[in-house]
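What follows is each chain in one-letter form.
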Amino acid sequence: MMRLSTIFWLLLVATTGFLTFAVKYEVQGLDDAYAHGQKAIAAEKSQIRVLEAEWAYLNRPAALAALNQRFLSLAPVATTQLVASAGEVPMRPDAPPSSAIAAAPANPQAAPPGPNSLGELIAQVAGR
Amino acid sequence: MVALSRFDENPCAPRHFKPPPCAPVIRDREAQEALETGRTRLLVAGALFVLLFAVIALRLFDVMVLSGGLDTTLKGRSGAPPLLRASITDRHGKLLATSLASPSLYADPKQITDPAAAARALVSVLPELSPAAVYAKLSSKKSFVWIERHLTPRQEYDVNSLGIPGLQFQHEERRVYPYGNLFSHVVGFTGIDNKGFAGVERGLDGVLAGRSEPLQLSLDVRLQYILHHELQRVVDDFTAKSAAGLIMNVNTGEILAMVSLPDFDPNRPDAPEPGNSQIPLKERLFNRATLGDYEIGSVFKVFTIAMALDSGAATMTSRFDATSPIRIGRFTISDYHGKRRPLSVPEIIAYSSNIGAAKIGLAAGGDRLRDYLGRFGLLRPPTLELSEVGRPHFPRGPWHPVSVMTIAFGHGISETLLNIADGASALVNGGILRQPTLLKLPRGYAPEGRRVISEETSLKMRKLLRLVVERGTGKMAQAPGYVVGGKTGTAERVERGAYARHSLRSSFLGVFPMQNPKYLILTMIDEPHGTKASYGYATAGWTAAPATRRIVERIAPLLGVAPVDANSPAIADKLQISSLIGHPIAPY
């Protein structure tokens with residue numbers, strides 16, 4: 001009887017000891033993974049900061065103005081081009097009667113077949 | 001026999017039975033006590049263990065169940081990443097200043113076996129270094145020398161691929177200003193150890209060093225660029241020495257743009273400006289919008305007239321005789337383009353009559369003028385999130401009539417542009433003076449202000465400022481559709497203690513849209529020279545006023561100010577001076 005309980009306790013000690021160590025190593029592993037993740041996040045964040053700074057640098061108004069002058073020649077909006085309120089927008093001219101639309105000949109060849117997906121579009125552009 | 005009767009109470013036991021000797025009968029009192037003590041000790045020890053296990057169990061329960069399995073006080077073994085100085089952004093989140101980790105190269109000369117070869121190799125990848133200096137550093141007896149601070153990642157890679165032992169990198173924090181010169185004075189810059197040296201970087205150094213999320217300013221990159229661009233254009237067109245300007249929200253006190261020219265690149269504040277190397281560094285680092293105090297000239301008349309109207313010293317129909325110049329002692333106060341007749345208050349401001357303004361000042365009296373200027377915040381240094389703020393200069397003692405007269409038209413008192421802009425905001429926004437700020441305020445929030453003039457006086461000031469642009473000296477600031485109002489100011493600069501006739505300081509205070517003022521633009525151009533296009537004029541009406549018109553036309557669409565017809569009855573009604581209906585003043 002004594003022997004049986006001794007064996008039981010010994011087994012229990014061994015199991016808990018083993019489990020404790022197992023948990024400890026698992027925690028250590030998780031901690032390493034966590035530290036690694038933190039480091040990766042920090043590196044990523046620092047990369048993002050660099051990219052943000054770069055983005056701001058590339059978007060300097062002076063640089064954009066130079067690019068605009070070179071490629072687009074857009075000018076600031078003149079006062080006369082601005083419409084202050086919706087009330088100032090002229091009404092659309094009267095729509096043609098629906099019978100005229102129905103009578104118009106259908107022209108299936110009018111629009112060239114467009115690409116159905118981005119992949120096709122890229123293939124089309126690349127083919128040109 | 002007694003023992004037997006105790007151990008063998010069975011009367012049917014065999015006769016030869018003897019009680020076993022294993023259980024001694026303890027009867028001694030002493031032994032009994034020892035047993036009790038042992039039991040008590042066991043109990044105490046047991047209780048102690050139960051307590052300890054209970055503590056552990058409770059803690060386990062706390063860690064695993066109550067805190068959801070997360071213990072926030074524990075950190076990974078890597079420790080927290082170092083806290084970088086907070087970024088600075090504009091009101092729309094555009095990055096004005098940020099900190100990047102940048103590698104700095106140092107060497108341990110004791111580990112370097114061949115300093116000459118190492119120096120040669122280093123200079124081959126870092127050509128900006130001098131070979132002699134590098135050699136001197138590498139052959140020194142120290143164990144730590146900086147070779148070069150703040151390299152690019154590319155340079156770090158190049159140095160690493162040289163494979164020289166004894167060269168090491170330390171990752172440091174470096175401040176980067178993507179917009180370069182655009183925000184030089186207002187954002188400022190930091191030193192090599194990331195301590196704020198100027199601008200917001202210095203004024204809010206503690207805030208920036210202690211937080212990680214970006215600090216949002218009230219500035220707007222687009223407005224800043226437009227102001228910078230137009231001021232630079234005026235400086236170039238009129239070969240001026242310097243210029244400064246700011247754009248402010250009159251209803252909240254937020255500063256949307258602030259420019260001072262000449263400027264510098266905060267990424268390399270001490271580097272000479274390409275093409276501008278003759279301008280001394282001190283001149284370029286100087287913030288003319290907040291630190292410099294200037295005799296602003298006629299712009300100041302708006303305060304005199306607001307004072308007179310609010311205190312009752314004058315009304316819109318009062319007339320002051322401007323027939324002949326005023327002579328007091330060795331001073332003569334005259335008008336630039338004198339009308340040589342009595343002028344009404346609207347005429348005085350529209351034609352910018354010095355004589356008229358001086359007489360208004362005199363009529364109101366020095367005490368009253370001083371009291372009102374104090375209310376407008378013009379007799380104390382401005383408060384702003386910058387440490388570079390100048391203080392106004394004016395006669396300290398009692399103001400003599402001469403001082404009162406000159407101060408009434410903006411001479412004999414010098415002010416920072418910030419003070420003028422803030423005081424003028426109060427004149428047009430309904431009479432509330434607010435503290436100017438560089439920090440973005442929540443949308444729709446206007447800080448508590450202090451009433452300095454009545455709402456009625458403020459309405460009159462709007463009409464008068466509109467008149468100046470409609471028919472007076474500020475006609476060139478007329479931006480069709482945006483109902484600009486304003487006041488010109490042309491002061492003669494003081495040189496060697498005397499006013500220099502042909503060395504001018506031209507400024508313009510512009511506000512729009514006048515029927516419901518929202519934004520104020522104050523510009524100042526130092527020493528502009530007349531050109532053919534301006535018929536030789538370098539006065540405010542020809543320099544600062546047209547610049548203001550261009551600025552308004554460019555920024556109004558960005559600020560969501562819709563163009564309106566200034567002659568429409570709804571607007572004309574708000575801005576028409578009743579005494580002038582039917583008898584408009586002659587155009588300037």
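Residues numbered from 1 in each chain as written. Chains lettered and ligands numbered in written order. Predicted model: local features only at pLDDT ≥ 70, side-chain atom pairs only at ≥ 80, totals over all residues.

Draft legend 1. Looking closely at the overall build of chain A. Helix and strand counts for chain A come out as four helices and zero strands. Here chain A holds 128 residues, and 1% of them are scored as buried. (Helix = DSSP H or I, 4+ residues; strand = E, 2+ residues; numbered from the N terminus. Buried ≥ 20, exposed ≤ 12 C-beta atoms within 10 Å, placed from the backbone.)

Draft legend 2. How the structure looks around the overall build of chain B. Within chain B, the regular secondary structure consists of 19 helices and 18 strands. Computed over C-alpha atoms, the radius of gyration of chain B comes to 40 Å, more than 25% over the 25 Å expected from 2.2 N^0.38 for 588 residues, which places it beyond the range of a compact globule. Dimensions of chain B, computed from C-alpha atoms along their principal axes, come out at roughly 155 × 75 × 50 Å. The proportion of buried residues among the 588 residues of chain B is 44%. Here the analysis covers contacts within chain B between residues at least 6 apart in sequence; of these, 70% occur between residues at least 24 apart. (Rg over C-alpha atoms; globule rule 2.2 N^0.38 Å. Contact = placed C-beta atoms within 7 Å.)

Draft legend 3. Quick peek at helix α4 (residues 131–138) of chain B. Residues and elements named next belong to chain B. Of all the residues in α4, the buried ones are Val134, Lys137 and Leu138. Axial view of α4: buried residues confined to an arc of 95 degrees, hence all on one face. The inward-facing, buried residues of α4 abut β2 (95–107), α3 (115–125) and β3 (145–148). (Arc of directions from axis to C-beta.)

Draft legend 4. Structural detail: unusual backbone geometry. Residue and element names in this part refer to chain B. Here the residue pair Leu261 and Pro262 is connected by a cis peptide bond, since its omega of -5 degrees sits within 30 degrees of zero. Structurally, Pro262 is set in the loop between β7 (255–261) and α10 (281–285). Cis peptide bonds are those with omega within 30 degrees of zero, and the linkage from Phe512 to Pro513 qualifies with -20 degrees. For Pro513, the location among the structural elements is in the loop between β17 (498–512) and β18 (519–526). Positive phi values are uncommon outside glycine, yet Val483 reaches one of about 45 degrees. Note that Val483 resides in the loop between α17 (455–471) and β16 (485–495). For Tyr535, which is not glycine, the phi dihedral falls at a positive 55 degrees. Tracing the chain through its elements places Tyr535 in the loop between β18 and α18 (544–559).

Draft legend 5. Structural view of α18(B). All names here are of chain B. Given a rise of 1.5 Å per residue, 16 residues ought to cover 22 Å, and the 21 Å separating the end C-alpha atoms of α18 matches this to within 8%. At Glu553, α18 shows its largest bend, some 25 degrees, and a proline, Pro557, comes one to four positions later. Among all positions in α18, only Ala544, Ala545, Pro546, Ala547, Thr548, Arg549, Ile551, Val552, Glu553, Ile555 and Ala556 are buried. Within two residues after α18, Gly560 carries a phi angle of roughly 75 degrees, on the positive side. (Expected span 1.5 Å × (residues − 1). Bend = angle between axes of the 7 residues up to and from the residue.)

Draft legend 6. Representation of the pairing of strand β6 (residues 242–249) of chain B within the structure. Residue and element names in this part refer to chain B. Across the eight residues of β6, eight count as buried, placing the element largely inside the fold. Direction of pairing for β6 relative to β18: antiparallel, over a ladder of eight bridges. Looking at the pairing, Ala243 lines up with Ile525 of β18. Relative to β7, β6 is paired through six bridges, and the arrangement is antiparallel. If you follow Ile247 over to β7, its bridge partner there is Ala257. (Pairing = 2+ DSSP bridges.)

Draft legend 7. The arrangement of the interface of chain A and chain B in detail. At the junction of the two partners, chain A supplies 21 residues and chain B supplies 23 residues. Element by element, the count of residues in the side of chain A that touches chain B is highest for helix α1 (residues 2–58) of chain A, at 13 residues. In terms of residue class, the side of chain A that touches chain B is made up of 12 nonpolar, four polar and five charged. (Nonpolar A, V, L, I, M, F, W, Y, C, P; charged D, E, K, R; others polar.)

Draft legend 8. Spotlight on the nonpolar core. Residues and elements named next belong to chain B. Residues Leu246 and Phe512 are the most contacted members of the largest nonpolar core, which totals 135 residues. Excluding anything up to four places from it in sequence, Leu246 contacts Ile255, Ala257, Met258, Ala289, Leu417, Leu418, Ala421 and Leu522. Counting residues in hydrophobic clusters, the runner-up holds 11 residues, among them Ala118, Ala119, Leu138 and Leu151. (Core = buried A, V, L, I, M, F, W, Y, C linked by C-beta atoms within 7 Å.)

Draft legend 9. Spatial organisation of the environment of B:Leu95. Residues and elements named next belong to chain B. For Leu95, the location among the structural elements is in strand β2. C-beta crowding within 10 Å serves as the criterion here: with 23 such atoms nearby, Leu95 is assigned to the buried category. Residues Leu95 and Val134, spaced 39 residues apart in sequence, show a C-alpha to C-alpha distance of 36 Å.

Draft legend 10. Region of interest: the pairing of β2(B). Residue and element names in this part refer to chain B. Bridge count between strand β1 (residues 88–89) and β2: two bridges; the pairing is antiparallel. Pairing of Ile88 across the sheet is with Ala97, part of β2. Examined bridge by bridge, β2 and strand β4 (residues 167–176) share 10 bridges and lie antiparallel to one another. Bridging across to β4, Leu105 finds its partner in Phe169.

Draft legend 11. Region of the structure containing the environment of B:Asn249. The topology assignment puts B:Asn249 in strand β6. Placed 317 residues apart in sequence, B:Asn249 and B:Ala566 show a C-alpha to C-alpha distance of 21 Å.

Draft legend 12. Spatial organisation of the confidence of the model for chain B. All names here are of chain B. Confidence in the prediction for chain B averages 87 pLDDT; 91% of positions are at 70 or higher. Contacts from residues 1–5, a stretch scored under 50 in pLDDT, to residues over four places away or in other chains number three contacts. For this predicted complex, the interface score ipTM comes out at 0.72, while the overall pTM is 0.77. (pLDDT = per-residue confidence, 0-100.)

Draft legend 13. A look at the confidence of the model for chain A. Confidence along chain A averages 80 in pLDDT terms, with 70% of residues attaining 70 or more. By mean pLDDT, the top-scoring element of chain A is helix α2 (residues 61–72) of chain A (92), and the lowest-scoring one is helix α4 (residues 118–127) of chain A (61).

Draft legend 14. Representation of the packing of helix α13 (residues 354–364) of chain B against helix α15 (residues 401–408) of chain B. Residues and elements named next belong to chain B. Relative orientation of the contacting elements α13 and α15 amounts to 130 degrees, with a least axis distance of 7 Å. Here α15 runs oblique to α13, going by the angle between their axes. Helix-helix and strand crossings are classified by hand; for α13 and α15 the assignment is right-handed. On the side of α13, the interface is formed by Ala357, Ala358, Ile360, Gly361 and Leu362, while α15 contributes Pro401, Val404, Met405, Ile407 and Ala408. (Axes fitted to C-alpha atoms, helices over the stretch in contact; angles between N-to-C directions. Parallel < 35°, antiparallel > 145°, perpendicular 65-115°, else oblique. Left-handed = near helix turned anticlockwise from the far one by under 90°.)

Draft legend 15. Region of interest: the environment of B:Arg222. With respect to the element layout, B:Arg222 can be found in helix α9 (residues 221–237). For the pair formed by B:Arg222 and B:Ala408, sequence separation is 186 residues and the distance between their alpha carbons is 36 Å.

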